[in-house]
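Structure at a glance
Residue strings, one per chain:
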Amino acid sequence: MTPTTPRPARPAISCVVPAYNEAENLGPLLAGLTVQLADLTDRWEVLVIDDGSRDATPAAVAPWLLAPGVRYLRLSRNFGKEAALTAGIDHAAGDVVLLMDADLQHPASLVPEMVQAWQAGADMVCAARASRADESWPKRIGTALFYRLVNHNAAVPIPVDAGDFRLMDRRVVDALKALPERNRFMKGLYAWVGFHNVIIPYVPAERLSGTSSFSLRSLSKLAFTGVTAFTNAPLRLWSALGVVVALFALAFGMWIVIEHFIYGSDVPGWATLVCGMMFFSGIQLLSIGILGEYVGRIFDEVKQRPVYLIGSQAGRGAIAAASDDAGA
């Protein structure tokens, strides 16, 4: 697909890098990333979004703030990666916005290919993992189940294994900024806004230092947010289960009556009754819990609290510097 108007060969590029306790990784990341961006354009910026880090992340970024190019936004506390990405998207000034992690698993060498795909007409260029062989089997199974559930009869399917490593046109960025919801599941929002999407397979590099802040519990929580935010499948599943259980109970009741009058068997006693009551009570409580999750998210949206708060910011992007030089 070719854009209706030619896209610039050297667009203004904003790169958003959410970081939480990534002090040891930010130096090597910025060293390679800034060189890569400078080769592509004179107008670029890297936005490091510090999501309330407790390590030396501010000190690691400080040397990079002396010259135009790197901007540093520190959130007032740890709001989570989805909020940090939202903050970066809100403050990015480029014609295109690149999202990537701070742990060096997203190779900066792939950025030129992503920019070329954008110039060829793509509005969004996603980097999707070519393999998950490096992950544990519980995580692989959980990931497969998540995508199967969230994409089951989905009006807007989410690309499988395509994470936050992506490049977006300004139109996509503006569309994301217009979405008012507080419970942000960015992978779902990327898919929901639409536009022409191109997927590039890649193999993630090894993490340079430290361990991921995403535990199995955090990933499970994020997956549950994605499921409840972008599909009614859990509600429909329990509605279907309720119908099946009701039909089974009706058939069982008819069988008891028939057995009593035809064969003269005694009506089953307390064991059957108690087991049945406990089973149905568990089903009801689980159903109420799932319904409560949806109601709780409605409550969060009604409160209309901001997704994030900025505690401090420093630095200046080369985009702003180039604009000032042009206007001088």
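1. Observations concerning the packing of aromatic side chains
In the structure shown here, the tally under the stated rule is one aromatic pair. Residues F165 and Y202 carry aromatic rings whose centres are separated by 5.6 Å and whose planes lie at 80° to one another, so their mutual orientation is edge-to-face. Here F165 is found in strand β6 (residues 162–169), whereas its partner Y202 is found in strand β7 (residues 197–202), with 37 residues between them in sequence. Under the relative-accessibility criterion, Y202 is labelled buried at 9%.

2. Observations regarding unusual backbone geometry
Of note in this structure, N21 is not a glycine but carries a positive phi near 55°. With respect to the element layout, N21 can be found in the loop between β1 (13–19) and α1 (23–40). Although it is not a glycine, F195 sits at a positive phi angle of roughly 70°. On the secondary structure map, F195 appears in the loop between α7 (186–193) and β7.

3. Focus: a nonpolar patch on the surface
On the surface, F248, L250, F252, M254, W255, I258 and I262 cluster together into a nonpolar patch covering about 760 Å² of accessible area. Looking at the element boundaries, M254 is found in helix α9 (residues 233–263).

4. Here's the deal with the confidence of the model for the chain
When pLDDT is averaged along the chain, the result is 77; 74% of the residues meet or exceed 70. Element-level mean pLDDT values for the chain span from 58 in helix α11 (residues 318–327) up to 91 in strand β4 (residues 96–99).

5. Describing the pairing of β6
Counting buried positions along β6 gives eight out of eight residues, so the element sits mostly inside the fold. Bridge count for β4 against β6 is four bridges, and the pairing is antiparallel. Its bridge partner lying in β6, V96 is registered against D169. Relative to β6, strand β5 (residues 124–129) runs antiparallel, the two sharing four bridges.

6. A word on the sheet that holds strand β2 (residues 44–50)
Remark on secondary structure: sheet strands pair via backbone hydrogen bonds, oriented parallel or antiparallel. One open sheet holds the eight strands; their spatial order is β7-β5-β6-β4-β1-β2-β3-β8, and the pairing between them is mixed. Every interior strand has two partners, whereas the edge strands, β7 and β8 (310–315), have only one. Direction aside, neighbouring strands of the sheet carry axes that sit 20° apart on average. As defined by bridge partners, β1 adjoins β2 across seven bridges and the pair is classed as parallel. Considered in β2, the bridge of P18 is made with I49. Packed on one face of the sheet, α1 meets β1, β2 and β3 (70–75) and runs near 155° to β2. In this fold helix α4 (residues 111–119) packs onto β1, β4, β5, β6 and β7, with an angle of close to 50° to the strand it touches most, β6.

About the criteria used
In every chain, residue numbers begin from 1 and rise along the written sequence. A pLDDT threshold of at least 70 governs which residues receive local features in this predicted model, and a stricter bar of 80 or more applies before side-chain atom pairs are shown or counted, although totals over entire chains, interfaces and linings include all residues. Based on all heavy atoms of the structure, the side-chain values leave hydrogens and waters out of the count. Between 30 and 60 degrees the pair is tilted, below 30 it is stacked and above 60 it is edge-to-face, where a pair is any two Phe, Tyr or Trp rings, Trp via its six-membered ring, whose centres lie within 6.5 Å. Numbering of helices and strands starts at the N terminus; helices are DSSP runs of H or I of at least 4 residues and strands are runs of E of at least 2. Think of it in three bands: with a 1.4 Å probe and only protein chains considered, a residue is buried below 20% of the maximum accessible area for its type, exposed above 50%, and partly exposed in between. Patches were defined on residues exceeding 30% relative accessible area and lacking a salt bridge, with like-charge contacts within 9 Å and nonpolar side-chain contacts (Val, Leu, Ile, Met, Phe, Trp, Tyr) within 5 Å. In this description, accessible areas are obtained by the Shrake-Rupley approach with a 1.4 Å probe, and a residue is regarded as covered only by the protein chains that are shown. Any carboxyl oxygen of Asp or Glu that lies within 4 Å of a side-chain nitrogen of Lys or Arg is treated as forming a salt bridge with it. Looking at any residue, its pLDDT shows the predictor's confidence there, from 0 to 100. Each pair of strands is called paired provided DSSP finds at least two bridges between the two strands. Axis geometry follows a simple rule: fit a line to the C-alpha atoms, using only the stretch in contact for helices, then measure angles between N-to-C directions, giving values from 0 to 180 degrees. The contact criterion used is simple: two residues touch if any of their non-hydrogen atoms lie within 4.5 Å.

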